[in-house]
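# Chain and residue survey
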There are 2 protein chains.
Amino acid sequence: MNGADALCETLLANDVNVCFANPGTSEMHFVAALDRQPAMRCILGLFEGVVSGAADGYGRMTGKPAATLMHTGPGLANGLANLHNARRAGAPIVNIVGDHASFHLQFDPPLASDIESLARPVSRWVGRASGSADIAPMAEKAVLAAHATSSVATLILPADAAWGGVEPAASHAVVIPPRPQVPPERIRAIATALRLHCGRFGVVVAGDAAVNPGLEIAAGIALALGGEVFSEVIPGRVARGRGTHPVRRIPYFIDQATASLAGFDLLVLIGAPEPVAFFAYPGKPSRLVQPRTEVLTLATRDEDILQALAALAEHIEAPKRSALRSDPIALELPTGALTDDAISIVLAQLMPENAILCDEGITSSRRLFELAARGSPHDYLMTAGGAIGNGIPMALGAAIACPDRKIINLQADGSGMYTLQGLWTMARESADVLIVIFANRRYAILEIEMANLGVNEIGRNAGAMMSLGNPDLDWVMLARGMGVEAARTDTCERFADLVGSSLRRRGPFLIECVI
Amino acid sequence: MNGADALCETLLANDVNVCFANPGTSEMHFVAALDRQPAMRCILGLFEGVVSGAADGYGRMTGKPAATLMHTGPGLANGLANLHNARRAGAPIVNIVGDHASFHLQFDPPLASDIESLARPVSRWVGRASGSADIAPMAEKAVLAAHATSSVATLILPADAAWGGVEPAASHAVVIPPRPQVPPERIRAIATALRLHCGRFGVVVAGDAAVNPGLEIAAGIALALGGEVFSEVIPGRVARGRGTHPVRRIPYFIDQATASLAGFDLLVLIGAPEPVAFFAYPGKPSRLVQPRTEVLTLATRDEDILQALAALAEHIEAPKRSALRSDPIALELPTGALTDDAISIVLAQLMPENAILCDEGITSSRRLFELAARGSPHDYLMTAGGAIGNGIPMALGAAIACPDRKIINLQADGSGMYTLQGLWTMARESADVLIVIFANRRYAILEIEMANLGVNEIGRNAGAMMSLGNPDLDWVMLARGMGVEAARTDTCERFADLVGSSLRRRGPFLIECVI
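Residues numbered from 1 in each chain as written. Chains lettered and ligands numbered in written order. Predicted model: local features only at pLDDT ≥ 70, side-chain atom pairs only at ≥ 80, totals over all residues. Heavy atoms only, no water.

### A few points about the relation of the copies chain A and chain B
Put simply, the test is: Residues below a pLDDT of 70 in either copy are left out; the C-alpha atoms of the rest, at least 70 in both, set the least-squares superposition of the copies. By definition in these notes, contact holds between two residues if any of their heavy atoms fall within 4.5 Å.
Of the transformation placing chain A onto chain B, the axial shift is 0.0 Å and the rotation is 180 degrees, giving an RMSD of 0.0 Å. Look at the turn and shift together and you get a two-fold axis relating the two. Taken as a fraction of all interface residues of chain A, those also at the interface in chain B reach 100%, which identifies the copy contact as same-surface.

Below, the structure written as structure tokens:
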């Protein structure tokens, strides 16, 4: 066997059995090795942003890493934006980047570049196999790092390490150490703060605290003491729907965000960093809480969130389940001309049990998060790192991770164009995804931000950079061009019909909503 | 005025008057400033790979930088692959990357990342404006670096530097110093080597030596002494066609490349690095010349190539113009089922005077370089860094650079899918581009490389990663979905008709060739 075989076997021994890939010549030995492993499922993306975004969605939904396979520095570069999102969402990924044979790099061939420099900004761990015998131990380290930090571990695979022979040896599963426990003193200190404070308070949940059972405990603690439960501004994943505590999103726009958190004397972070402004503005604060708000961290993302929650709940004698539940949604289905809010209302009403909503609708889906809390139970995933082009690939990855669940991808047209190639992989893999395109034909968020600058007259240059018109995109043709069935509508009635029929079938279907 | 205005004025004072852009919120003040500058032409790309690839094509054809505008680390990441190609091709670019306000970075907002680490692998110069007053001097340094090194200069623009006020001051043009002259001793040494050596010899031309007047002089030197003129394996730009010396490409495949250079006792590099294998293979050499071949550099890319060529020509009394000319092509137009070679024959015959061929046909266009040498005079551009997804954006940039010339983009389907969004910008800007898609529905180069490993049976996993079928892409729909007229054919006659009619009109037109 060769180094590439050892890599495959190490991955499989560690339950890494999906590989999202776009290989090149330097990865051919690895491709040949993957071909000898029927237990591995290789899924081609026609661009590396699809590969990394799918691994992100897969990691968020399974909690375990998929492998990715990318070709040298430029291939990795193409995948970086969605690795950035994965890093912010806390999705584990074993990110394999093929490189030239080690002896060849000194000649600086055209595709050579500094892969480590490209990888570090998005990776919690970066390693390079120094030879064939080093591959299995490095792959184990990568698996360990991906699990332990729930983030991106990048393993650089020189071609000669892949093709060199190794002694056959049994691969074994890495022992994933448990997350570090939160020390009792910290839990006691937070319990004390919760008992003593005398104003409004909130908790911000992410990671294990944003899905059950963690969310139930966190909500129980908050409600027992009259507090509110927030998600991050752009949460990576949060459980929602009837029967689940309706977490509030901290608003994106800075004035609304500071207003939501105004008057709080205590904010407890559970798996989340302190909420800060997505962007800075002249004369506005970076921090969203007021200076006098005490911000305490119960557990970081790398710690054992569930243990900390259970211990804190015991301390303050909180109920095991939160009392606050969402009322079922009972809005009338809207009629007439389709609007972005009407789309959200229809989807919140019609979405099936256990759906996974992958929301990159940006400005257009702004009401869906709140409305969907009153719909069927579901998971809600967003572009956690703010790097657009996450939605379509993330939906693909979620579909591979959870083949028995319906995926609904709310997709702004501008960000959808970043990684539209993912539609093709959905078609090839029969991914069960309903893609809803909000075709407003503009970068609406930029228009809002421009207006916030006080600029009301848009000239030729700014107009060229904020409009997606001239010519209009035709998403039905784009989808069909990649083998995905699609339809267009601009009425609520037809939209509801299309959603209904697409939910009754399996496989990808795209609805272009002209709004 | 603010820092963003100062940046615009510095760019315009230095003849940087095209900005390929995809901005985000942190760049809104710069967008507003661009909107106040009618002399600047802002061109939107729906993905940053289009932005950087267009700037690459523009820089190769004009020899001066366009500006790019990208949004924070992830936006830059999306543009890196084509910046890598620009770096290898020697295309000047002033690459502007917006970042968070400097005071905001300490809070690690979701879109924050290490932009410098991402930028360095593709940039010869990286700078960050430390404040509003620093913008104009930093922009001047970026312009200078882009010109002086003919490469990518990355200027990081914090939002608060853009929005902060500056004293109005007249912007002025930077003095671009002449390229360093090659010392006379080196020219004498090479002249001596050329006179004394007694076997086969060649020159490898790139940069100013691959276009006229440099190519004429280089070819004159080679022919005076019985040598051959080569381009790089994947040249960034080379002048070709009747009346121009027919430079030979060093073959891509390693055995053919070493055979082409076998028996050479001298190879003189003029603006090009020593040719090396594109990839390494077990048991094969990295260097393409034999160990006994003397390799001498007349001038590096950063030196004054034209002066060195003129001085060397004088030393060896070479004729001013090369004697060898291509015979006009006079092949019969092929008939029947369309093949990749038939496409090359038709295009070589029909292409108009002064066309710009942007060739990312990979395996499918392998004969075109040679055939086109006997067609109308033209420039031939390839994916110099080997990072696929260069063709469509490069063709767009060439069209913006040279609005009076016809651009012909030879495009493999697999690499075309990387940056297909560029078609939309072609439609919006009425870019005069004929896009020819080689729809072989596979990564043919990978099939060849796999066969070279001795693997002849392709299983499920390798098959999934090398085939673009299941489902087939429909490029006519993809093009029309982005507003580009298109047609499909699988016969030579229809292809020739479509080429003829598309050459008689202006604006983008795509032909999907099913081969």
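### Considerations on unusual backbone geometry
Inclusion rule: Only DSSP runs of H or I covering at least 4 residues are called helices, and only runs of E covering at least 2 are called strands; the numbering of each starts at the N terminus. Only protein chains enter the calculation, and the probe is 1.4 Å; a residue is then buried if its accessible area is under 20% of its type maximum, exposed if over 50%, and partly exposed in between.
For the peptide bond that leads from Asn-470 of chain A to Pro-471 of chain A, omega is 0 degrees, which places it in the cis range. Here Pro-471 of chain A is to be found in the loop between helix H18 (460-466) and helix H19 (475-481). Geometrically, the link from Asn-212 of chain B to Pro-213 of chain B is a cis peptide bond, its omega value of 10 degrees lying close to zero. Relative to the helices and strands, Pro-213 of chain B resides in the loop between strand E7 (200-205) and helix H9 (214-224). A positive phi angle is found at Ser-150 of chain A, which is not glycine, with a value near 45 degrees. Along the chain, the position of Ser-150 of chain A falls in the loop between helix H6 (132-149) and strand E6 (152-158). The phi dihedral of Ser-430 of chain B falls on the positive side, at around 50 degrees, and the residue is not glycine. Position of Ser-430 of chain B among the secondary structure elements: in the loop between helix H16 (422-428) and strand E16 (433-439). What makes Ser-430 of chain B partly exposed here is its relative accessible area of 47%.

### Notes on the environment of Arg-36 of chain A
Residues and elements named next belong to chain A. With respect to the helices and strands, the residue Arg-36 is situated in the loop between helix H2 (28-35) and strand E2 (41-44). Relative accessible area serves as the criterion here: at 45%, Arg-36 is assigned to the partly exposed category. In this structure, the C-alpha to C-alpha distance between Arg-36 and Glu-314, residues 278 residues apart in sequence, is 51 Å. Setting aside chain neighbours within four positions, we find Arg-36 in contact with Asn-2 and Asp-5.

### A closer look at the packing of aromatic side chains
As a reminder, the rule being used: Put simply, two rings from Phe, Tyr or Trp (the six-membered ring, in Trp's case) pair if the centres are within 6.5 Å, and we call them stacked under 30 degrees between planes, edge-to-face over 60, tilted for the rest. Definition used: whenever NZ (Lys) or CZ (Arg) falls within 6 Å of the ring centre and also within 35 degrees of the ring normal, the charge is taken to sit over that ring.
In total, this model carries 17 aromatic pairs over all chains according to the counting rule given. Both rings, one in Phe-20 of chain A and one in Tyr-58 of chain A, keep their centres 6.1 Å apart while their planes meet at 75 degrees; by these two values the pair is edge-to-face. Residue Phe-20 of chain A is found in strand E1 (residues 18-21), and its partner Tyr-58 of chain A is found in helix H3 (residues 48-62); the two are separated by 38 residues along the sequence. With respect to burial, Phe-20 of chain A and Tyr-58 of chain A carry one shared label: buried. Here the aromatic residues Phe-47 and Tyr-418 of chain A together with Phe-47 and Tyr-418 of chain B are joined through ring pairs into a cluster of three or more. The side chain of Arg-249 of chain B reaches across the aromatic face of Phe-369 of chain B, ending 5.7 Å from its centre.

### Remarks on the pairing of strand E3 (residues 66-71) of chain B
Residue and element names in this part refer to chain B. The condition is simple: Whether two strands pair depends on DSSP finding at least two bridges between them. When the strands point away from the viewer and the path from the first strand over the helix to the second turns clockwise, the crossover is right-handed.
Burial of E3 is extensive: 6 of the 6 residues sit out of reach of the surface. Along E3, one buried face is formed by Ala-66, Thr-68 and Met-70 and the opposite face, lined by Ala-67, Leu-69 and His-71, is buried too. When strand E1 (residues 18-21) meets E3, the two strands line up parallel, connected through 3 bridges. The residue of E3 that forms the bridge with Ala-21 is Leu-69. Here E3 runs beside strand E4 (residues 93-99); their pairing, made up of 6 bridges, is parallel. Along E4, the bridge assignment pairs Leu-69 with Ile-96. Traced from E3 through helix H4 (residues 72-89) to E4, the parallel crossover comes out right-handed.

### Things to note about the pattern of salt bridges
Residues and elements named next belong to chain A. Where we set the bar: Here, a salt bridge means any side-chain nitrogen of Lys or Arg that lies within 4 Å of a carboxyl oxygen of Asp or Glu.
The full count for this structure, using the stated rule, is 50 salt bridges over all chains. For Asp-432, the salt bridge identified is with Lys-406, shortest N-O distance 2.8 Å. A residue pair is termed long-range when its members are at least 10 positions apart, and Asp-432 in the loop between helix H16 (422-429) and strand E16 (433-439) and Lys-406 in the loop between helix H14 (391-401) and strand E15 (407-412) qualify at 26 residues. Across the pair, exposure class does not vary: Asp-432 and Lys-406 are buried alike. One network of salt bridges, with partners in common, ties together Arg-441, Asp-472, Asp-474, Arg-488 and Glu-512.

### Details of the sheet that holds strand E17 (residues 485-489) of chain A
Residues and elements named next belong to chain A. Inclusion rule: Between the N-to-C directions of two axes lies an angle of 0 to 180 degrees, each axis being a line fitted to C-alpha atoms and, for a helix, fitted only over the stretch in contact.
Read across the sheet, 7 strands follow the order E9-E14-E13-E15-E16-E18-E17 without closing on themselves; strand pairing throughout is mixed. Either end of the sheet is taken by a strand with one partner, and the two such strands are strand E9 (238-240) and E17. Direction aside, neighbouring strands of the sheet carry axes that sit 20 degrees apart on average. The pairing of E15 with E16 spans 6 bridges and is classified as parallel. Residue Asn-409 lies in a different strand from E16, and its bridge partner there is Ile-435. Packed on one face of the sheet, H14 meets strand E13 (355-360), strand E14 (378-382), E15 and E16 and runs near 175 degrees to E15.

Geometry only, nothing functional implied.
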